[in-house]
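# Structural characterization, general
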Amino acid sequence: MLESKMAPVLSDQGVEIDDGNRTPRQTCWTWHWVKNRYAQQIVVSWTIAV
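Time to look at the overall build of the protein chain. Within the protein chain, the secondary structure is distributed over one helix and two strands. In terms of C-alpha radius of gyration, the protein chain reaches 14 Å, well past the compact-globule figure of 10 Å for 50 residues. Dimensions of the protein chain along its principal axes, counting C-alpha atoms only, are 40 × 20 × 15 Å. Looking at the protein chain as a whole, 8% of its 50 residues are labelled buried. A separation threshold of at least 6 residues defines the contact pool for the protein chain, and within that pool the share at least 24 residues apart is 33%. When the accessible area of the protein chain is evaluated, it comes to approximately 5000 Å², of which 55% is carbon and sulfur surface. Placing the 5 positive and 5 negative side-chain charges of the protein chain at their respective mean positions leaves the two points 8 Å apart.

Given below as structure tokens:
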């Protein structure tokens, strides 16, 4: 928890959703970020709020 506040591996994260993709029950997006330092990502997770 401290690492994510004091020395985050990723910053300036954002998601762009393609407006042209309206497939039922599916969503496609592009995730972009800035990698601040060397570290291997072990877990990646998202929370989606409707």
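Now that the structure has been shown, the text picks up again.
In the Ramachandran plot, D12 falls in the positive-phi region, its phi being about 50° despite a non-glycine side chain. Its location among the elements puts D12 in strand β1 (residues 10-17).

Together, V15, I17, W29, V44, W46, I48 and V50 make up a nonpolar patch on the protein surface, roughly 800 Å² of accessible area in all. Examined against the element boundaries, V44 turns out to sit in the segment after β2 (29-35).

What counts and how
- Residues numbered from 1 in each chain as written.
- Predicted model: local features only at pLDDT ≥ 70, side-chain atom pairs only at ≥ 80, totals over all residues.
- Heavy atoms only, no water.
- Helix = DSSP H or I, 4+ residues; strand = E, 2+ residues; numbered from the N terminus.
- Rg over C-alpha atoms; globule rule 2.2 N^0.38 Å.
- Buried < 20%, exposed > 50% of the residue type's maximum accessible area, 1.4 Å probe, protein only.
- Contact = heavy atoms within 4.5 Å.
- Areas by Shrake-Rupley, 256 points an atom, 1.4 Å probe, with all protein chains shown as cover.
- Lys, Arg positive; Asp, Glu negative; His and termini not counted.
- Charge placed at Lys NZ, Arg CZ, Asp CG, Glu CD.
- Patch = residues over 30% accessible without salt bridge, like charges linked within 9 Å, V, L, I, M, F, W, Y side chains within 5 Å.
- Salt bridge = Lys/Arg side-chain N within 4 Å of Asp/Glu carboxyl O.

Without other data, these values stay purely geometric and don't point to any function.
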